[in-house]
Amino acid sequence: MSSGKRDTTLYIQHHLTNLSWHPAGSSSFWSLNVDTLFFSSILGVLFCALFYFVARKATAETPGALQNLVEVLVDFVDKQVKDTYHGRSKLIAPLALTIFVWVFLMNFMDLIPVDLFPTLAGYLGLNDLRIVPTTDLNLTFGLSLTVFALILYYNIKIKGPWGYVKELLLHPFGVWFIPINLILGLVHELAKPVSLALRLFGNLYAGELIFILIAALVPWGAQWLLGAPWAIFHILIITLQAFIFMMLTVVYLSMAHEAH
Amino acid sequence: MNINLTLIGQMITFLVFVIFTMKYVWPPMTKALRERQKRIAEGLADADRGKHELELAQHKSMEILRDAKLQAAKLIEDANIRALHLVEESKEQAREESARILKHAQEEIVIERSQARESLRQEIAGLAVMAAGKVLDNEVNEASNSAILDKLIAEVASE
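All of these numbers come straight from a predicted model, not from anything done at the bench.

Conventions used here
- Residues numbered from 1 in each chain as written.
- Chains lettered and ligands numbered in written order.
- Predicted model: local features only at pLDDT ≥ 70, side-chain atom pairs only at ≥ 80, totals over all residues.
- Heavy atoms only, no water.
- Helix = DSSP H or I, 4+ residues; strand = E, 2+ residues; numbered from the N terminus.
- Rg over C-alpha atoms; globule rule 2.2 N^0.38 Å.
- Buried < 20%, exposed > 50% of the residue type's maximum accessible area, 1.4 Å probe, protein only.
- Contact = heavy atoms within 4.5 Å.
- Buried area = accessible area lost by both parts, 1.4 Å probe.
- Salt bridge = Lys/Arg side-chain N within 4 Å of Asp/Glu carboxyl O.
- Polar contact = N/O pair within 3.5 Å; in protein donor to acceptor, adjacent residues only side chain to side chain.
- Nonpolar A, V, L, I, M, F, W, Y, C, P; charged D, E, K, R; others polar.
- 1 Å grid on protein atoms, 1.4 Å probe; cavity = no way out; pocket = protein on both sides within 12 Å on 5 of 7 lines; lining within 4 Å.
- Points joined across faces, edges and corners; volume = space filled by probe spheres on them.
- Phe/Tyr/Trp six-rings, centres within 6.5 Å; stacked < 30°, edge-to-face > 60°.
- pLDDT = per-residue confidence, 0-100.

Trainee: I'd love a proper account of the overall build of chain B, names of residues and values included.
Mentor: In terms of regular secondary structure, chain B is built from 2 helices and 0 strands. A globule of 159 residues ought to have a C-alpha radius of gyration of about 15 Å, yet chain B, at 61 Å, is considerably larger. Principal axes of the C-alpha set define a box for chain B whose edges measure 190 × 25 × 25 Å. Taking all 159 residues of chain B together, the buried fraction comes to 12%.

Structure follows, in structure tokens:
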């Protein structure tokens, strides 16, 4: 039984280890998670190619099925952005669209059976493989820190460097509480990228872990009993998380545009 | 699970995709959508206008129809009255004609009767004269002759 338990632990560990590449003789920070980069890029290129293909031929005539799908997404994102953000930035709406579709596609990889790609990779001689890029903190922080950089950029662009610093120093309690204001302001700002990244990561990591646990612990004949309901429920989660990430990005960026 | 260089790689990837979307995907898509929106709005306005015009046309056609019906009814009435007049007139004419013919015939009958009577009278007078001559030629039998004469005169007078 103990060997069985060890096998299970190994199985789970195996599924939670990235395929990474280390430059020889350097610290672990300089390694690259090849699987995360690969799958996120493939999906991103898929998104860009599909949307570019449609956008290039988009007309005001009666749209085909593909154009219709793309239009629904564009229209949906456009509406959400317009409801929240009233500025004139040409960046925010395309940014929101990219986040929504790209994150959704990456989340969607979670619905592919957990053993399929790792097993295929095994035949190619690759030991570890994780196909869901959003279960990698590097990716979620990559997204959220980029958004954070944009938040800072717009804060400084709209309010001016001095205006932004003043807002950090004088809000919310006024001039006599500058240290407290500064601490609160910094926490407030830093919480944005951290919560964005951890929320997406946490949801997807937990979801994937449950798929792995089902695969590891439940006899194969009964796996669908748990796997199917969880997968169906997960369709909701992956869409919702993509939407939340997009929405919060738009909200944060529109907050950056408005002076207190 | 560790944060490593992948983070930087992902940020760059993300930026590339965002810039691509901003440059090549978003503008044509929104342009197409706006254009379609505009067209739909125009189409709806056109439809409204068309509906309005149809309504007006319907009203107008109904009016024309009503006028035509009135006119037709009037025509039919006129024609009926005229026909009635014609019938009456012709009846009248026929009546007059028949009366005239009748009168003419009666007059003719009267004339013919008086002519016949005249000729009869002359014939009877002749016969009477002949009979008188014969009687006078043979014998004058006062008694018998006078009886015959009396009878003849009575006969003629009764006619």
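Trainee: Go over the side chain of asparagine 107 of chain A, please, and point to the residues and values.
Mentor: Residues and elements named next belong to chain A. Position of asparagine 107 among the secondary structure elements: in helix α4 (residues 92-108). The buried category is assigned to asparagine 107, whose relative accessible area is 0%. Apart from residues no more than four positions distant in its own chain, asparagine 107 is found in contact with Val132, Thr134, Leu200, Leu204, Ile238, Gln241 and Ala242.

Trainee: Report on the side chain of serine 40 of chain A, specifying residues and quantitative values.
Mentor: Take serine 40 of chain A: it is sitting in helix α2 (residues 34-56). Using a relative accessible area of 0% as the deciding quantity, one classes serine 40 of chain A as buried. Non-local contacts of serine 40 of chain A, meaning those with residues more than four positions away in its chain, are made with Trp102, Met106, Pro133 and Leu139 of chain A together with Gln10 and Phe17 of chain B.

Trainee: Any details on the interface of chain A and chain B? Residues and values, ideally.
Mentor: Taken together, the contacts link 53 residues of chain A with 30 residues of chain B. Between chain A and chain B, roughly 3,700 Å² of surface is buried when both sides are summed, and carbon and sulfur atoms account for 73% of that area. At the surface where chain A touches chain B, the tally comes to 3 salt bridges. Across the pair arginine 36 of chain B and glutamate 71 of chain A runs a salt bridge whose closest N-O atoms are separated by 2.6 Å. The tally of links between chain A and chain B comes to 14 residue pairs in polar contact (both at pLDDT 80 or more). When residues of the side of chain A that touches chain B are traced back to their parent elements, those giving at least two are β2 (32-33), α2, α3 (65-84), α4, α6 (137-170) and α7 (178-217) of chain A. Counting residues per element, the side of chain A that touches chain B draws most heavily on α2 of chain A, at 12 residues. Tallied by class, the residues present in the side of chain A that touches chain B amount to 32 nonpolar, 14 polar and 7 charged.

Trainee: I'd like a description of empty space enclosed by the protein, backed by residues and values.
Mentor: Residues and elements named next belong to chain A. If you walk through the whole model with that rule in mind, you get 1 cavity of 30 Å³ or more. Lining the largest cavity are 13 residues, with His15, Val114, Ile131, Val132 and Glu208 positioned closest to its centre. For the lining of the largest cavity, the per-class residue count stands at 9 nonpolar, 1 polar and 3 charged.

Trainee: Describe in detail the pattern of salt bridges, supporting the description with residues and values.
Mentor: Applying the stated criterion across every chain yields a total of 10 salt bridges over all chains. Put simply, arginine 39 of chain B and glutamate 61 of chain A hold a salt bridge, and the shortest N to O gap is 3.1 Å. Here arginine 39 of chain B is found in helix α1 (residues 6-138), whereas its partner glutamate 61 of chain A is found in the loop between α2 and α3 on a different chain. Residue lysine 159 of chain A is joined to glutamate 167 of chain A by a salt bridge in which the shortest nitrogen-to-oxygen separation is 3.0 Å.

Trainee: Hey, could you go over the layout of surface pockets for me, with residue numbers and the actual values?
Mentor: Within this model, the largest pocket holds a volume of roughly 360 Å³. Lining the largest pocket are 17 residues, and of these Asp78, Ser89, Lys90 and Ala93 of chain A together with Trp26 of chain B sit closest to its centre. It is α1 of chain B that provides the largest number of residues to the lining of the largest pocket, a total of 6 residues.

Trainee: Outline the packing of aromatic side chains, listing residues and values.
Mentor: For the coordinates displayed, the defined rule picks out 17 aromatic pairs over all chains. Measuring from ring centre to ring centre gives 5.8 Å for tryptophan 102 of chain A and phenylalanine 14 of chain B, while their planes differ by 15°; the resulting arrangement is stacked. With tryptophan 102 of chain A in helix α4 and phenylalanine 14 of chain B in helix α1, this pair bridges two chains. Look at phenylalanine 14 of chain B and you get buried, because its relative accessible area is 0%. Through pairs of rings, three or more aromatic residues link up here, namely Phe38, Phe39 and Phe117 of chain A.

Trainee: An account of the confidence of the model for chain A is requested, with residue identities and associated values reported.
Mentor: Looking at chain A, the pLDDT average stands at 89 and 97% of residues meet or exceed 70. Within chain A, the lowest mean pLDDT, 77, falls on helix α1 (residues 2-15) of chain A, and the highest, 95, falls on α4 of chain A.

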